[in-house]
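Now for the letters of each chain:
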Amino acid sequence: MKDKLDSNEFALWSQFLAELTGISLSEDKEYLIIERFHGLLKKYQCSNYSHLYFMAREPDRNDLREELIDHITTKETSFFRDSAPFEVLRKTVLPKLLEHCRRTGEKRRLKIWSAACSTGQEAYSLAMVLQEMGVSPQEYLIMGTDISRMAIESARHGCYNRFEVERGVPPALLERFFVFNSKNWQVKDSLKESLSFTQMPLHRPFMLPDSFDLIVCRNVAIYFSSGPRVELFNRVARHLQPHGYLLIGSTETLGDLAHLFCEVQLEPRVVFLQNADKRQVSVPCR
Ligand SMILES: C[S@@+](CC[C@H](N)C(=O)[O-])C[C@H]1O[C@@H](n2cnc3c(N)ncnc32)[C@H](O)[C@@H]1O
């Protein structure tokens, strides 16, 4: 089996994967195609990567395309990833947003979107922060979305191994929000309440019935090229409430998005964003 693609094969694959996922692969990332799709060659009895490519292009091969997406996406995540933003959320952002909800609507729930949530750790971390603050699940809604079917199934299941929980869940929270089921740690139903997970790609126009008080969209736009990245944040901005906050990854910068959002530095090194043009919000918050 060849362990390299020729430049024509690579061009076909990278264009196809950009269509499927928005992910932009430069030539030095060719090894990702080779390594991550290797198992699919055998599964689909393909003699080489071109064969797999043409098979995946066939209209009735949706399952194969889902598997390509599951394999090519990098799902690196952890509970309370980067820790500092969660502290700022707890101390400053969430109290402000909850206060806004209480002031503006009768029993209006705080609405949070964890966009590109991977296997769910980010969304569950947000729910843990809220419940630790004494906020009941009836006062908030958290929606987690991701393009990967496999990631969303795993997020819904909410079952994590020792290594995954040790990467961020403090012992007191582990005891409060998880049960040990002889091998893994299962998220308790009380934490799953008011939390939903939906498969949804971000690189194409999407329809969401709501706009959100808080959008957490971290470590996904880094995989997109400049055009799709700007389109993604344009769409995100339309679903952010005028008073709402957007959190991006700790290594991400605004760059060419400065016209869309303004930075709000709430703590040294932790930057949240707000809509620069508050009229952009097109979806009313119910
Ligand atoms: C590195 S993880 C980040 C997870 C989490 N936000 C965090 O920061 O810990 C990137 C996630 O983006 C998802 N993803 C990649 N392309 C996507 C797209 N076009 N639409 C939605 N999700 C996508 C991947 O499936 C993966 O779960």
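The residue count restarts for each chain, going from 1 along the sequence in the order it is written. It should be noted that, the model being predicted, local features are given only for residues of pLDDT at least 70 and side-chain atom pairs only at 80 or more, the latter also being counted only at that level, while totals for whole chains, interfaces and linings use all residues. Side-chain metrics rest on all non-hydrogen atoms present in the structure, leaving aside hydrogens and water.

A. A look at the site of the ligand. What makes a residue near a molecule or strand is one non-hydrogen atom of that residue sitting within 4 Å of it. What surrounds the ligand is a group of 22 residues, the closest being T21, T77, D146, L202 and N219. Throughout this description, a polar contact denotes any pair of N or O atoms lying within 3.5 Å of each other; where both atoms belong to protein, one of them has to be capable of donating a hydrogen while the other can accept it, and for residues adjacent in sequence the pair is counted only when both atoms sit in side chains. Take D146: an N or O atom from its side chain is 2.6 Å from an oxygen atom of the ligand. Only the protein chains shown count as covering a residue, and every accessible area follows the Shrake-Rupley method with a 1.4 Å probe. With the chains in place, 99% of the 600 Å² that the ligand exposes on its own is no longer accessible. Here the nonpolar group is Ala, Val, Leu, Ile, Met, Phe, Trp, Tyr, Cys and Pro; Asp, Glu, Lys and Arg are the charged ones; every other residue, Gly included, is treated as polar. By residue class, the composition of the shell around the ligand is eight nonpolar, eight polar and six charged.

B. Region of the structure containing the domain arrangement of the protein. On domain assignment, one finds that the protein holds domain 1 (7–72) and domain 2 (84–280). Of note, the centres of domain 1 and domain 2, computed from C-alpha atoms alone, are 30 Å apart. Note on contacts: a residue pair is in contact if any heavy atoms of the two residues lie within 4.5 Å. Counting residues at the interface gives eleven residues for domain 1, matched by ten residues for domain 2. As a working definition, buried area equals the accessible area (1.4 Å probe) given up by two parts on being put together, with both sides summed. Taken together, both faces of the contact between domain 1 and domain 2 bury some 890 Å²; the carbon and sulfur share is 49%. On the domain 1 side of the contact with domain 2, G22, E66 and D70 bury the most area, a combined 45% of that side's loss. By definition, a salt bridge exists where a carboxyl oxygen of Asp or Glu is found within 4 Å of a side-chain nitrogen of Lys or Arg. Linking domain 1 with domain 2 are one salt bridge. For D63, the salt bridge goes to R149, with nearest N and O atoms at 3.4 Å. Domain limits in this description derive from either an automatic procedure or a database domain assignment.

C. Fine view of helix α5 (residues 84–104). Here α5 contains 21 residues, and its C-alpha end-to-end distance of 29 Å stays within 8% of the 30 Å for a straight helix at 1.5 Å per residue. Every buried residue of α5 is accounted for by P85, F86, V88, L89, V93, L94, L97, L98, H100 and C101. Turning to α5, the residues buried within the fold contact β1 (110–115), α6 (121–132), β7 (212–216), β8 (240–247), β9 (261–267) and β10 (270–275). We count a stretch as a helix when DSSP gives it H or I for four or more residues in a row; a strand needs E for two or more, and each element gets its number in order from the N terminus. Take the residue count of a helix, subtract one, and multiply by 1.5 Å to get its expected span. With a 1.4 Å probe rolled over the protein chains alone, any residue whose accessible area is under 20% of its type maximum counts as buried; one over 50% counts as exposed, and the rest are partly exposed.

D. Inspection of the packing of helix α3 (residues 49–57) against helix α4 (residues 62–72) at higher detail. Two elements in contact, α3 and α4, have axes separated by 8 Å at closest approach and are oriented at 120°. Taken together, α3 and α4 sit at an angle that is classed as oblique. Each of L52, M55, A56 and R57 in α3 lies in contact with α4, whose residues at this interface are L64, R65 and L68. Partitioning the contact of α3 with α4 into residue classes produces five nonpolar, no polar and two charged. Lines fitted to C-alpha atoms define the axes, with helix axes restricted to the stretch in contact, and inter-axis angles between N-to-C directions lie between 0 and 180 degrees. By definition in this entry, angles of less than 35 degrees are roughly parallel, angles greater than 145 are roughly antiparallel, angles of 65 to 115 are roughly perpendicular, and the rest are oblique.

E. Seen up close, the side chain of E30. With respect to the element layout, E30 can be found in helix α2 (residues 30–43). At a separation of 2.7 Å, a polar atom in the side chain of E30 contacts the main-chain amide nitrogen of L5. Setting aside residues no more than four positions away along its own chain, E30 makes contact with D3, K4, L5 and F10.

F. Seen up close, the nonpolar core. To define a nonpolar core, start from buried Ala, Val, Leu, Ile, Met, Phe, Trp, Tyr and Cys residues and group those joined through side-chain atoms within 4.5 Å. One finds F79, L110, L130, I142, F178, L214 and F272 to be the most contacted residues of the largest nonpolar core, which totals 44 residues. Counting residues per element, this core draws most heavily on α5, at eight residues. Setting aside residues up to four positions removed in sequence, L110 forms contacts with L94, L97, L98, C101, L130, E139, Y140, L141 and D213. Core analysis: the next-biggest nonpolar cluster, separate from the first, contains 27 residues, C217, V230, A237 and F261 among them.

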